[in-house]
Structures are given as structure tokens and as C-alpha cells.
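Chain by chain, the residues run as shown.
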Amino acid sequence: MNEQTLSQRLERVAAHIPAGARLADIGSDHGYLPVALMRRGVIAAAVAGEVALTPFRSAERTVRENGFTQQVIVRLADGLAVIEPGDGITAVSLCGMGGETIRDILAGGQAHLSGEERLILQPNGGEQPLRQWLMENGYRICFEEVLRENRFYYEIIVAERAGPVTYTAQELYFGPLQMRARSPAFLAKWQRMLRLKQRTLTHFARARQVVPEQKVLDIALQTRWITELLG
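Residues numbered from 1 in each chain as written. Predicted model: local features only at pLDDT ≥ 70, side-chain atom pairs only at ≥ 80, totals over all residues. Heavy atoms only, no water.

The chain carries the name tRNA (Adenine-N(1))-methyltransferase in an unreviewed UniProt entry, which gives Pseudomonas rhizophila as its organism.

Let us now look at a positive patch on the surface. On the surface, a cluster of positive charge is contributed by Arg148, Arg151, Arg192, Arg195 and Arg199. Within the fold, arginine 199 resides in helix α8 (residues 184-206). The exposure class assigned to arginine 199 is exposed, which follows from its relative accessible area of 55%. (Patch = residues over 30% accessible without salt bridge, like charges linked within 9 Å, V, L, I, M, F, W, Y side chains within 5 Å. Areas by Shrake-Rupley, 256 points an atom, 1.4 Å probe, with all protein chains shown as cover. Salt bridge = Lys/Arg side-chain N within 4 Å of Asp/Glu carboxyl O. Lys, Arg positive; Asp, Glu negative; His and termini not counted. Charge placed at Lys NZ, Arg CZ, Asp CG, Glu CD. Helix = DSSP H or I, 4+ residues; strand = E, 2+ residues; numbered from the N terminus. Buried < 20%, exposed > 50% of the residue type's maximum accessible area, 1.4 Å probe, protein only.)

A few words on the nonpolar core. Across soluble globular proteins, nonpolar side chains show a tendency to be buried alongside one another. Ranked by internal contacts, the top residues of the largest apolar core, which has 29 residues, are Ile17 and Ile43. Where this core is concerned, the elements lending two or more residues are α1 (8-14), α2 (32-39), β2 (45-50), α3 (53-65), β3 (72-76), β4 (91-97) and β7 (152-161). Looking at this core element by element, the count peaks at six residues for α2. Leave out the neighbours within four places in its chain, and isoleucine 43 touches Ile17, Gly20, Ala21, Leu23, Pro34, Leu37 and Met38. Val47, Ala77, Ile89 and Ile102 belong to the second largest nonpolar core, which has 28 residues in total. (Core = buried A, V, L, I, M, F, W, Y, C linked by side-chain atoms within 4.5 Å. Contact = heavy atoms within 4.5 Å.)

Glancing now at the sheet that holds strand β5 (residues 118-123). Sheet strands line up and pair through hydrogen bonds in the backbone, either parallel or antiparallel. Pairing is mixed across the open sheet formed by seven strands, whose spatial order is β3-β2-β1-β4-β5-β7-β6. Each edge of the open sheet is held by one strand with a lone partner, namely β3 and β6 (139-149). Neighbour-to-neighbour, the strand axes of this sheet turn through a mean angle of 15°, independent of strand direction. Of the pairings in the sheet, the one linking β5 to β7 comprises three bridges and is antiparallel in character. Bridge assignment links leucine 121 to a residue of β7, and that residue is isoleucine 157. The strands touched by helix α4 (residues 99-108) within the sheet are β1 (22-26), β4 and β5, with β4 carrying the most contacts at an inclination of about 145°. Against the sheet, α8 makes contact with β6 and β7, and its axis sits at roughly 120° relative to β7, the strand it touches most. (Pairing = 2+ DSSP bridges. Axes fitted to C-alpha atoms, helices over the stretch in contact; angles between N-to-C directions.)

As C-alpha cells, then:
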């Protein structure tokens, strides 16, 4: 993967960044996403944010070598603190980290958001608490999908601020739009998850140590939800 050839998951993220957007790519790593979008003429400008020095320098190098130092600003800061009032950010991408981490970055950096930005999120697990935060903060999920890459399943969640929104417990768990679309990748992911949950329950039943009752109940409930979904 480089600034010319993105991974499949980053290509799917790129597809949901509006034309002419001013992008804040949080946890930009090498800066591949904003630079690729600049090369394609999709975005007007970008901020590439990194909290660690090594990827920050990698992103700086990618931007410099592609000649975009005027259009793509690389900043070293924690989460959404990379966004400054004059940036005019209209889209925010957070990719390749846990859903709880993305949730915490959004929650901790709300002061840096106007509420008008489109959020393009690619969590590695932890989608349920992330959707919970989006719901509680008035963000409606306008697109989501599951894709498989290198034997792993990834989810992409696109959300926009739209006022009060309510999702059921199952919708928060599976994804409200994915429950209806039932794509082959989505069904394959949950068939795999069902096997894992069933295996976990069997392990609990055979365990010599006492497993907390609530943990058993939670896994049993999730197993029932998945079985009903696939049924």
C-alpha cells in the first residue's frame, strides 16, 4: 500500500469522502489516504494528524515527496486536537483503530468539531460502543458495510449529525443498515462470530473456575441474536 495504491478498506473509506472536502485524517500513519485523495483531485485540502513521532515523520515525508505541502498539513497532536478553527474541516476519517478508541477520540475532541462534518470511521472491532456514542450524540448512520481483506473482516461506518436518533440494542450490535442489507460479507462475518460465541459458551460450561454470570448471560444473548439474524 502507498499513496497511489490504497488497501481495499482505505479505498472504501475514500469512496465516502465528499468531492471538494476539507479532510482531517486522524491517525494518518504514512499520510497515504489524504495524499491519494489529493492526487486524484477529490479533496480541496487536508490535515493529517498523528500522535506518535515516527508516523508523523512518515506522513510529512509522503506529503513532501508528492508535492502537497501547501494543501496537506501534517500535525503532531492527540486526536481531534490536530484540527484548528481556520481549517474549515468538512470530513473526518478515523481508520484502523478499535471502536472504543475512535469513540474516545470523538468524545474527547468534540470541542474541535462543528457538528457539520461527515464522519468516516473504520473501526477494528468495538463497533457496538462506537454506534452507541454516535446515537447518543445525534449522529445518524447514513452508510455502513462489512468487507473482508487478508482474512479479516472490517466495518466502515459513515455518520452525519442529524439530531435525535434511536437504534435498538440489536441495531447497535449489528449495524442498522447492515441488518437490512444483509450483504454476503456481513452474513459471513456473523456466521463466523456465531461459531466463536458457541465455542466460548462450551468453554464456559467446561471451565473449572467460576465464570461471572453476567458474562455468560451476555454471550448467550449475543448468540441468540446472531442465530435469529442468520435464521
